[in-house]
Amino acid sequence: MTQNPPNLRPDLAPKPVFDTAARPGQPRVGMVSLGCPKALVDSERILTRLRAEGYAISPDYAGADAVIVNTCGFLDSAKAESLEAIGEALSANGRVIVTGCLGAEPDYITGVHPSVLAVTGPQQYEQVLNAVHAAVPPAPDPFVDLLPATGVKLTPRHYSYLKIS
């Protein structure tokens, strides 16, 4: 019986690493992605665009200048989880942008959390980026802010989601 080499085995594959060392003056954005694989693809697209524009990705609330919460609004339990995540981000950071399926109901979100900076619906990448630009202006450095052709991935390297809708 043959075995996969260690670099192809998912349990031994290196974990994706975010470069947490931001250069001086580089804005940092955090993200919480909830819900289905479609939401995960949306989060990857948003983070890829933000990295290309010079933003650093923060692994925690405290190090972020703003936090994006990509919500799910499919079930009542998912809505409750999304509202809880928004509240947690607001209490830890205070500068929160909400997007995703629950974002299609902005009055519902702002009724519970009136201090969110912006609410956008699903697949509204440009509106999310505009909200981030308004909250934390970009500071790109074209000589440093380079991305691999694959962009930012939130999944392990041995699989990926394809969004068909």
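Note that this is a predicted model, so its numbers are computed, not measured.

### A word on the pattern of salt bridges
As enumerated under the stated definition, the model contains 3 salt bridges in all. In this structure, Glu53 and Arg49 form a salt bridge, with 3.7 Å as the shortest nitrogen-oxygen distance. Residue classification places Arg49 among the partly exposed residues on the basis of a relative accessible area of 35%. Across the pair Arg49 and Glu126 runs a salt bridge whose closest N-O atoms are separated by 2.9 Å.

### Topic: the sheet that holds strand E5 (residues 118-119)
Pairing within the open sheet is parallel, and its 5 strands lie in the order E2-E1-E3-E4-E5. The sheet is open, and its two borders are formed by strand E2 (56-58) and E5, each paired with just one other strand. The pairing of strand E4 (residues 96-100) with E5 spans 2 bridges and is parallel. Residue pairing in the sheet places Val98 in a bridge with Val119 of E5. Sitting on the sheet, helix H2 (residues 76-92) touches strand E3 (66-71) and E4, and the angle it makes with E3 is about 175 degrees.

Calculation rules
Residues numbered from 1 in each chain as written. Predicted model: local features only at pLDDT ≥ 70, side-chain atom pairs only at ≥ 80, totals over all residues. Heavy atoms only, no water. Salt bridge = Lys/Arg side-chain N within 4 Å of Asp/Glu carboxyl O. Buried < 20%, exposed > 50% of the residue type's maximum accessible area, 1.4 Å probe, protein only. Pairing = 2+ DSSP bridges. Helix = DSSP H or I, 4+ residues; strand = E, 2+ residues; numbered from the N terminus. Contact = heavy atoms within 4.5 Å. Axes fitted to C-alpha atoms, helices over the stretch in contact; angles between N-to-C directions.

All quantities given are derived from atomic positions and should not be read as evidence of function.
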